[in-house]
Every structure is written in structure tokens, then in C-alpha cells.
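Residue strings, one per chain:
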Amino acid sequence: MTYLAQKTKDFFLVLFLTCLMLSQAMAADKIGAIAAVISKVTIERDGEIISVKPGSPVFENDKIMTGGSSRAQVLLMDQTAINVGQKAEIVLDKFVFNSDDDEVALKVTKGTFKFISGKVATKNPEKVNVETPVATIGVRGTEFVGQISASDSTIALLDGKILVANDLSTFVKLFQRPGRIVQLLEVCSNNVHSIDHSWSPHVKSDLMSSGSHHWHHQHLGKPPHLHTNYMQGDD
């Protein structure tokens, strides 16, 4: 074998091994997949905008974005399910499964969504959290829906328990009765809380649609009717 031929062979061998290692690294980092898509849904990943379809993988730090008529369903490896409603942005901050440090952390910056906890919440409920611009929701084996904006977060518990706190921890309440609804507001520069007694048909429709019958997964059925009475936590 000539010197040039040997160098060429070595080059392609190194290239093959490099591609193989990159492929294995990508596979190891996969934390779930897009299970369903309505209209155009995109992911921002490493500064690039990617259009997704059912079966597309998702990774830590992915930002999932929907438009005015689009929706998505995300299934994580531990069976956590997230329905992403219209005009929403959700960041998959952290996901660790099948280790001593299991954790699920999401950041919802805007829009409506529905969250159904998976195996991590069953094993380590204190390690599952959903962050919004004005609140943090601690998941305790839970199904809930939310409507999020930069200035307020409205959360409705459908099943299980949630621990809701504002950014300054001046409001911390455990909710464990299905149908309870809490709204946290940010007024001017002060993060304050309030329980909103006005449940508008528009907000109710948006929240309910984030977990509607569009999704075929067995855990993602249409949520029950929400009560309209508001409580500051459960007695």
C-alpha cells in the first residue's frame, strides 16, 4: 500500500470514528421526542431554528415554540407529558433520569400548556419544577394546566398536588384539591400574589384547550370541568 493510500485510509477511519462518537453523544443526550404536531412548530437549538414533526427528538435546553394556530405534544423519557398550546414558548432546562440525581426542570415563558408528571416525579417529586416569569411550581405527582405571560401566571390543578411560590417566596402554598386555581401577578417592580376571582370564558377556553382531545396519548385526555371557586391553598 502506498504512503498516499495509507494516509487516505487513516483519514477516512478517523472521520468515521469521529462521526460515530458524535452520533453516540447525540443519542445519549436525547431526553424525549415530539409526539404530535398541529401546524408549524419549531425548536430553537444552539441558535438555530428547526421545524419539527412527530418523532423529532428533543434535547436539554431546547426551546419549543408554537404559533397562533399551532400546538405540540412532548413526551420525555420518564413518561412526563407536556401539551404546548398556541403562542407558547417552553424551554427544557434540565432532564436526568435513571440515576441518583433524577430531575425535570422546565421554563415556560409564555402561552398555555398542560403538564402531566412522569416517573421522576413519582420517585423524587421535589426534583420536578416548572418555572414561569413570576412563579415556580413544584410538581408533586401532578396534572395541571397553566396560562403564562411576562406579568402573570394562572395555574389550575387537575390532579395530584402542586407547590406554588412567587419569585420572592412571599407566597408559598400547597394545592392538593383538583379544580383549585391560583394566579400570581407582577405589579410594577414588586412581585406580589393574588387570587383572581374572575374566571373569564376566554382564559378558561385557552387553559382547557392546552389539554384538549386533540391528543391521542392515553394520559392526555380532556381535563375535567374546572371549579370556579378560588382558595389560597388547601386547608
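Our subject is the structure that appears above.
This structure is a prediction, so every number in the text was calculated from the model and none was measured.

Procedures and definitions
- Residues numbered from 1 in each chain as written.
- Predicted model: local features only at pLDDT ≥ 70, side-chain atom pairs only at ≥ 80, totals over all residues.
- Heavy atoms only, no water.
- Helix = DSSP H or I, 4+ residues; strand = E, 2+ residues; numbered from the N terminus.
- Buried < 20%, exposed > 50% of the residue type's maximum accessible area, 1.4 Å probe, protein only.
- Pairing = 2+ DSSP bridges.

Caption draft 1: Unusual backbone geometry, seen in detail. Although it is not a glycine, Asp46 adopts a positive phi angle of roughly 55 degrees. Examined against the element boundaries, Asp46 turns out to sit in the loop between strand 2 (41-45) and strand 3 (48-51). With phi around 75 degrees, Asn61 is a residue other than glycine that occupies positive phi space. Turning to its location among the elements, Asn61 is positioned in the loop between strand 4 (57-59) and strand 5 (63-66). Among the residues examined, Asn61 registers a relative accessible area of 53% and is labelled exposed.

Caption draft 2: Quick peek at the pairing of strand 8 (residues 89-96). Bridging between strand 5 and strand 8 involves three bridges; their strand directions are antiparallel. Its bridge partner being in strand 8, Met65 is matched across the sheet by Glu89. Here strand 8 runs beside strand 9 (residues 103-116); their pairing, made up of seven bridges, is antiparallel. For Phe95, the partnering residue across the bridge sits in strand 9 and is Val104. The hairpin formed by strand 8 and strand 9 contains six residues between the paired strands, and Asn98 there has a positive phi angle of roughly 65 degrees.

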